[in-house]
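An overview of the molecular structure
Each chain, written out:
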Amino acid sequence: MRLVDAHAHLEEVEELEQALRRAWEAGVKAIIAVGSDYHSSKFALELAEKPLRPKVYAALGIHPWSLNPSTLDSTMEFIRRNLGKAVAVGEVGLDYWYKETRRDREKQALQRKVFEEFLKMAESNGKPVIIHSRGAWGDSLKMAIELGVEEAVFHWFSGPQEVLENLLSHGYYVSATPAVAYSREHRKAVLSTPLSRLLLETDSPVSYGGKPSEPADILKTLEGVASVKNMSREKIAEETFENTLRFFKLPLD
Ligand SMILES: [Zn+2]
């Protein structure tokens, strides 16, 4: 089986070398290393230049949890300059449930301002966008549509059904995490997303069931998606692999 982990925070994965070896043994051919700030974006670019197995591709972005007004402009500029070496913009987006952001309209407005800049940057550079949309599913989608974004994946989508249907009607994708094994909302979204629009990811090193994940845990995502969709693991692996190559335009076959 051939798999791609479409979303991992490799700078936070412990003993990365061993984790990459286990991923390779699990059938992971490539990993999209997402950036959350300056350091993680830079780290993703460095990994992308190495002859690693699995092959690592960089996505560059600032996570809505990492908006630091004092470094925002310089990080944005760094990402703009280096986007040519990356396969996507991400992880970017909105999170209205994040700590005090829930009740702070100014913080929500800052998230939208930064997200808007990234969406424009992605469009003008012809890059797909990896979107975090927790608690702000409708706004995240609305902005992507209004700014004419052509390619986007809504990572770990767990939002309302009508938002999901709308994003699918715009040709966007959804990526599944190991939470598909137990999260009611995420299972529902994965069930309603056609296999042709689904990617697999781990969001490593996020903990599922109390244990930090690593890219080899893509097998748990695969298992969960196969069970939700009542299809074979082979079928899910094959189609989502093709989807990922197409979505990120990876030179891999
Ligand atoms: Zn993430």
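Right, let's walk through the structure included here. (Residues numbered from 1 in each chain as written. Predicted model: local features only at pLDDT ≥ 70, side-chain atom pairs only at ≥ 80, totals over all residues. Heavy atoms only, no water.)

1. Some thoughts on the overall build of the protein chain
Here is the rule: Runs of E in the DSSP output that reach at least two residues are strands. Runs of H or I that reach at least four are helices, and both are numbered from the N terminus. Only C-alpha atoms enter the radius of gyration, while the globule expectation follows 2.2 Å times N to the 0.38, with N the number of residues. Any residue under 20% of the maximum accessible area for its type is buried, any over 50% is exposed, and the rest in between are partly exposed; the area is computed with a 1.4 Å probe on protein chains only. Residues count as neighbours in contact if any of their non-hydrogen atoms are within 4.5 Å of one another. What sets the accessible areas is the Shrake-Rupley method with a 1.4 Å probe; for residues, cover comes only from the shown protein chains. His is not counted here, nor are the chain ends, while Lys and Arg score as positive and Asp and Glu score as negative. Lysine's charge is taken at NZ, arginine's at CZ, aspartate's at CG and glutamate's at CD.
Per the secondary structure count, the protein chain includes 9 helices and 10 strands. The C-alpha radius of gyration computed for the protein chain amounts to 17 Å, which stays within 12% of the reference 18 Å derived for 253 residues, consistent with globular compactness. Viewed in the frame of its principal axes, the protein chain has a C-alpha envelope of about 45 × 40 × 35 Å. A buried classification covers 56% of the 253 residues belonging to the protein chain. Long-range contacts, defined as pairs at least 24 residues apart, comprise 70% of the intrachain contacts of the protein chain with a sequence gap of at least 6. Carbon and sulfur atoms form 49% of the exposed surface of the protein chain, whose accessible area is close to 11,400 Å². Averaging the positions of the 33 positive and the 37 negative side-chain charges in the protein chain gives two centres separated by 1 Å.

2. Focus: the side chain of Thr 221
Short version of the rule: Any N or O atom pair separated by 3.5 Å or less is treated as a polar contact, with the protein-specific requirement of one donor-capable and one acceptor-capable atom, and with residues adjacent in sequence counted only for side-chain atom pairs.
Structurally, Thr 221 can be placed in helix H8 (residues 218–229). Within polar-contact distance, the side chain of Thr 221 engages the backbone oxygen of Glu 201 at 2.9 Å. The contacts of Thr 221, once residues within four sequence positions are left out, are Ala 176, Thr 177, Pro 178, Val 180, Leu 200 and Glu 201.

3. Describing the environment of Arg 197
For Arg 197, the location among the structural elements is in the loop between helix H7 (184–192) and strand E8 (198–200). Arg 197 sits 23 residues away from Val 174 along the chain, and the two C-alpha atoms are 6.4 Å apart. In this structure the side chain of Arg 197 is engaged in a polar contact, spanning 3.1 Å, whose partner is the backbone oxygen of Tyr 172.

4. Describing the side chain of His 63
By the secondary structure assignment, His 63 is in the loop between strand E3 (55–60) and helix H3 (72–82). For His 63, a relative accessible area of 6% corresponds to the buried category. In contact with His 63, not counting residues within four places along its chain, are Ser 36, Glu 91 and His 132.

5. A few points about helix H4 (residues 105–125)
Spelled out, the test is: Helix span, expected: 1.5 Å multiplied by one less than the number of residues in the helix. This arc corresponds to the set of directions leading from the helix axis out to the C-beta atoms.
End to end, H4 covers 30 Å across 21 residues, agreeing with the expected 30 Å (1.5 Å per residue, within 8%). All of the buried residues in H4 are Gln 108, Gln 111, Val 114, Phe 115, Phe 118, Leu 119, Met 121 and Ala 122. Looking straight down H4, one finds that the buried residues subtend no more than 160 degrees of arc, so they occupy a single side. Away from the buried face of H4 by more than 90 degrees, exposed residues Arg 105, Glu 106, Lys 113 and Ser 124 are located.

6. Some thoughts on the packing of aromatic side chains
What counts here: A pair of Phe, Tyr and Trp rings is counted when the ring centres sit within 6.5 Å of each other, with Trp represented by its six-membered ring. The angle between the planes then sorts it: under 30 degrees is stacked, over 60 is edge-to-face, the rest tilted.
Per the stated rule, a full pass over the model turns up 8 aromatic pairs. With centroids separated by 5.3 Å and ring planes inclined at 85 degrees, the aromatic side chains of Trp 97 and Trp 137 adopt a geometry described as edge-to-face. Of this pair, Trp 97 sits in the loop between strand E4 (88–93) and H4 while Trp 137 is found in helix H5 (residues 137–146), placing the two residues 40 residues apart along the sequence. Taking relative accessible area as the criterion, Trp 137 reaches 15% and is therefore assigned buried. Ring centres of Phe 154 and Tyr 172 lie 5.9 Å apart, and the angle between their planes is 40 degrees; this geometry places the pair in the tilted category. Here Phe 154, found in strand E6 (residues 152–155), pairs with Tyr 172, found in the loop between helix H6 (161–169) and strand E7 (173–176); they are 18 residues apart in sequence, far enough to count as distant. Residues Phe 154 and Tyr 172 agree in their burial class; the two are buried. Members of the aromatic cluster, each reached through a chain of ring pairs, are Phe 154, Phe 157 and Tyr 172.

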